Amino acid sequence: TASEHCSSCDAKRETAEQLRETVEQLREDLKVQTQLRQQLEQRHSSLHLEHSDCREENQRMEKMLMEQQHVIKLALARILPKRTGRISFCQDHKKTLSNYAEMCQTE
């Protein structure tokens, strides 16, 4: 019975040692996962900030584009005035633009 008791104690010791190793491995895994999570959270914050910056830049670019389109429309209205039957001061511009437009259509 003493030998049975010792073998039972040995089995319990082995089980306890395996459990300690498992707990230690789980702690190490948790530490690695925690570090990974922190890195991912930092990356997420960085990407969120970058996205906000890009969105603001996009809005500025859209505003600038609308302003440029408005300026171009005003300039074209002066260069190519509506036909009123009178000679415009921009006939040279109209001729240059017409020649360019014809050249673009033939290419």
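Structure's up top.
The text that follows walks through the structure, step by step, so that each part is easy to find.

A few points about the overall build of the protein chain
Helix and strand counts for the protein chain stand at two helices and zero strands. Taking all 107 residues of the protein chain together, the buried fraction comes to 2%. Roughly 10400 Å² of accessible area belongs to the protein chain as shown, and the carbon and sulfur atoms make up 56% of that amount.

What about a negative patch on the surface?
A contiguous patch of negative charge, built from Glu50, Asp53, Glu56 and Glu57, is present on the exposed surface. Its location among the elements puts Glu57 in helix H1 (residues 2-79). Since its relative accessible area comes to 42%, Glu57 is described here as partly exposed.

Side note on a nonpolar patch on the surface
Taken together, Ile72, Leu76 and Leu97 make up a surface patch of nonpolar side chains, about 240 Å² in accessible area. Under the relative-accessibility criterion, Leu97 is labelled partly exposed at 34%.

A word on the pattern of salt bridges
Pairing between side chains becomes possible if they bear opposite charge and their charged atoms approach one another. Applying the stated criterion across every chain yields a total of three salt bridges. Arg20 is the salt-bridge partner of Glu17, the closest N and O atoms lying 3.3 Å from each other. In this pair, Glu17 and Arg20 both sit in helix H1, three residues apart, roughly one turn of the helix. With a shortest N-O distance of 3.3 Å, Arg37 and Glu41 are connected by a salt bridge. Here Arg37 pairs with Glu41, and both are found in helix H1, just four residues apart, close to one helical turn. A relative accessible area of 39% means that Glu41 is categorised as partly exposed.

Cut-off values and rules
Residues numbered from 1 in each chain as written. Predicted model: local features only at pLDDT ≥ 70, side-chain atom pairs only at ≥ 80, totals over all residues. Heavy atoms only, no water. Helix = DSSP H or I, 4+ residues; strand = E, 2+ residues; numbered from the N terminus. Buried < 20%, exposed > 50% of the residue type's maximum accessible area, 1.4 Å probe, protein only. Areas by Shrake-Rupley, 256 points an atom, 1.4 Å probe, with all protein chains shown as cover. Patch = residues over 30% accessible without salt bridge, like charges linked within 9 Å, V, L, I, M, F, W, Y side chains within 5 Å. Salt bridge = Lys/Arg side-chain N within 4 Å of Asp/Glu carboxyl O. Lys, Arg positive; Asp, Glu negative; His and termini not counted. Charge placed at Lys NZ, Arg CZ, Asp CG, Glu CD.

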